[in-house]
Amino acid sequence: MNSPTATQIEHGFIVRQGRPEDCAAIAELFHLVVNASTEHYSQAQCQAWSPAKRSEDEWRNRLQGTALWVAEDGRNLLGFINLKPLNAPGEAEIDCLFSHPNAQRRGIAAELYRQLLRYAVDSGVQCLRGEASFYAKAFFGKQGFTTLKRNQHQRHGEVLTNFSMQLPL
């Protein structure tokens, strides 16, 4: 593990590699964050996106074969990010980036992304891709990602919008 950065020390959290035993906390955090996302999505859309907490096994399967980092404060999971290799050589996808609603604006997403970016560059990734929510779109735009297109997905009778984004490295 890398030494904590000034941001991590100032705001009282660490970023470390994720482990399979983190999946229960990831399931809780994901469901909590999605259902608190009512600034850009209606409550019905949030419920369609995550109608119930997914199981540890579902998360373990989703995260298998990806590089995973988590942020924690010693007691609680504050956020997570993962990088999934794609079939195209040199390309990878940021599959998830979520931070706890009560821990936002503390640099958690930025620190998680910094770890992922370092790993991606060291691994020879030449292009990062992602499907970003309204919330994540602003964050990734600040990191230099460009929006390729706006997507609309039907889920449980609701239309959910996200954005295909990319960043050449």
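Refer to the structure printed above.
Residues numbered from 1 in each chain as written. Predicted model: local features only at pLDDT ≥ 70, side-chain atom pairs only at ≥ 80, totals over all residues. Heavy atoms only, no water.

A.B. asks: Looking at this structure, I do not really get the sheet that holds strand E4 (residues 91-99). What am I missing?
C.D. replies: Pairing between the strands of a sheet comes from backbone hydrogen bonds, and it takes one of two forms, parallel or antiparallel. Pairing within the open sheet is mixed, and its seven strands lie in the order E1-E2-E3-E4-E5-E7-E6. Looking along the sheet, the strands with just one partner apiece sit at the ends: strand E1 (14-17) and strand E6 (146-155). Strand after strand, the sheet turns through a mean of 20 degrees between neighbouring axes, direction not considered. Here six bridges tie strand E2 (residues 67-72) to strand E3 (residues 77-85), and the two strands are oriented antiparallel to one another. Among the inter-strand pairings, Val70 is bridged to a residue of E3, identified as Phe80. Contacting E2, E3 and E4, helix H2 (residues 23-35) crosses the sheet at an angle of about 100 degrees to E3. Relative to the sheet, helix H5 (residues 108-122) contacts E1, E2, E3, E4, strand E5 (127-132) and strand E7 (158-168), its axis offset from that of E3 by approximately 25 degrees. (Pairing = 2+ DSSP bridges. Helix = DSSP H or I, 4+ residues; strand = E, 2+ residues; numbered from the N terminus. Axes fitted to C-alpha atoms, helices over the stretch in contact; angles between N-to-C directions. Contact = heavy atoms within 4.5 Å.)

A.B. asks: Any chance you could explain the pairing of E2 here in plain terms?
C.D. replies: In terms of burial, E2 is largely enclosed, as five of its six residues are buried. Direction of pairing for E1 relative to E2: antiparallel, over a ladder of four bridges. Directly across from Arg16, in E2, lies its bridge partner Val70. Taken together, E2 and the strand that follows it, E3, pair antiparallel across an intervening segment of four residues, in which Gly74 is found at a positive phi of about 100 degrees. (Buried < 20%, exposed > 50% of the residue type's maximum accessible area, 1.4 Å probe, protein only.)

A.B. asks: Looking at this structure, I do not really get the nonpolar core. What am I missing?
C.D. replies: Generally speaking, soluble globular proteins have nonpolar side chains that are buried together. By size, the foremost hydrophobic cluster in this structure holds 28 residues, and its most contacted members are Leu83, Ile94, Tyr113, Leu128 and Phe140. Counting residues per element, the ones that place at least two in this core are E2, E3, E4, H5, E5, helix H6 (134-142) and E7. Top element by residues in this core is H5. It accounts for six residues. Contacts of Leu128, omitting those with residues within four sequence positions, involve Leu83, Ala92, Ile94, Tyr113, Leu116, Leu117, Ala120, Phe145, Met165, Gln166, Leu167 and Leu169. (Core = buried A, V, L, I, M, F, W, Y, C linked by side-chain atoms within 4.5 Å.)

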